[in-house]
Each structure stands twice: as structure tokens, then as C-alpha cells.
Amino acid sequence: MAYKEKMDELRGELRVMSKAIPDAMRGFGAMEKAITEAGVLDKRQKEWLAIGMAIIIRCEPCVNFHVNALMKAGGTREELADICAVAIQMGGGPGMMYAGHALACWDELATPAE
């Protein structure tokens, strides 16, 4: 399954969850908005951190969504590669495997659909 398809499928699952537990999902969304819009780090820098942590905790959906968010925040593939290098340093072999997912996701999302 392609990264975009995986992300679309997960968005559908999140919509179902939003109907099942709307208050919790709204609360999480409010927390996310407050964190990304405030503080001394800009959104791009916060995405650097989120991707690095997602790689280390081995959450592929988190990697995918934060790679996409980094792209939207004006990040570059070179920044992502550097983030991957730090994640590999901190996470060893498993970090390397998920860093590979991050770069593959970037490459797919950066390629125009045919």
C-alpha cells in the first residue's frame, strides 16, 4: 500500500473515532493546535522534533503524517535526511528502518500523481 493510501485510510479511521469519542478527539486537536501555534520554535522546527520522535518510537502513521506536515511547513528533503540521521544515531537499526520509511514517504508525496 502506498503512503498516501495508508494516510487516507487512517484519516477515515480517525473520522470514525471522532464520532465515537468526540470530546477526546476535540481535546487532542485543541492541544495540538496550541502546541504548534505557540512557543519559541516555529512549526517547521516542531515537525523536525515530531518526526525524530516518531521514528524512534516506531510509529509509521506518525512518521507519515509529520513528514506531510513538514512539507506543508516549508521543510526540505535535506532537513528530513538530517533528522533521519539523528534518529538513526539515537535509535540504531530500528531507527534506520523507520527513517527509511520517512524518506520513502517524502519521495512519494513529493512526486506528482500520474
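Quick summary incoming for the structure in this document.

Thresholds, definitions, all that
Residues numbered from 1 in each chain as written. Predicted model: local features only at pLDDT ≥ 70, side-chain atom pairs only at ≥ 80, totals over all residues. Heavy atoms only, no water. Helix = DSSP H or I, 4+ residues; strand = E, 2+ residues; numbered from the N terminus. Expected span 1.5 Å × (residues − 1). Contact = heavy atoms within 4.5 Å. Disulfide = S-S within 2.5 Å. Buried < 20%, exposed > 50% of the residue type's maximum accessible area, 1.4 Å probe, protein only. Salt bridge = Lys/Arg side-chain N within 4 Å of Asp/Glu carboxyl O. Phe/Tyr/Trp six-rings, centres within 6.5 Å; stacked < 30°, edge-to-face > 60°. Lys NZ or Arg CZ within 6 Å of the ring centre and 35° of its normal. Patch = residues over 30% accessible without salt bridge, like charges linked within 9 Å, V, L, I, M, F, W, Y side chains within 5 Å. Areas by Shrake-Rupley, 256 points an atom, 1.4 Å probe, with all protein chains shown as cover. Core = buried A, V, L, I, M, F, W, Y, C linked by side-chain atoms within 4.5 Å.

1. Topic: helix H4 (residues 60-72)
When the terminal C-alpha atoms of H4 are compared, their 18 Å separation across 13 residues agrees well with the 18 Å that a helix rising 1.5 Å per residue should span. Contacts from the buried residues of H4 go to helix H1 (3-20), helix H3 (43-57) and helix H5 (77-110). Downstream of H4 by one or two residues, Gly74 has phi in the positive range, about 90°.

2. Structural notes on the state of the cysteines
Following the criterion strictly, the structure yields one disulfide and no others. For the unlinked cysteine Cys84, the closest cysteine sulfur is that of Cys105, found at 11 Å. Residue classification places Cys105 among the buried residues on the basis of a relative accessible area of 0%.

3. Points about the pattern of salt bridges
Scanning the model with the defined rule gives six salt bridges in all. Arg11 is paired through a salt bridge with Asp8; the nearest N and O atoms lie 3.3 Å apart. In this pair, Arg11 and Asp8 both sit in helix H1, three residues apart, roughly one turn of the helix. Since its relative accessible area comes to 28%, Arg11 is described here as partly exposed. In this structure, Glu79 engages Arg44 in a salt bridge whose closest nitrogen and oxygen atoms are separated by 3.0 Å. On the criterion of sequence distance, the pair formed by Glu79 in helix H5 and Arg44 in helix H3 is long-range, its members being 35 residues apart. One continuous salt-bridge network, built from bridges that share partners, spans Lys4, Asp8 and Arg11.

4. Regarding the packing of aromatic side chains
As enumerated under the stated definition, the model contains zero aromatic pairs in all. The ring of Tyr3 has Lys6 lying over it, and the distance from NZ or CZ to the ring centre is 5.1 Å.

5. Focus: a nonpolar patch on the surface
A contiguous nonpolar patch, built from Val40, Leu41, Leu49 and Met53 and spanning about 440 Å² of accessible area, is present on the exposed surface. Tracing the chain through its elements places Leu49 in helix H3. Classification of Leu49 by relative accessible area gives partly exposed; the value is 48%.

6. Considering the nonpolar core
Ile51, Ile55, Val67, Leu80 and Ala102 are the most contacted members of the largest nonpolar core, which totals 16 residues. Broken down by secondary-structure element, the contributors of at least two residues to this core are H1, H3, H4 and H5. Counting residues per element, this core draws most heavily on H5, which supplies eight residues. With residues up to four places along the chain from it excluded, the contact list for Val67 reads Ile51, Leu80, Ala102, Cys105 and Trp106.

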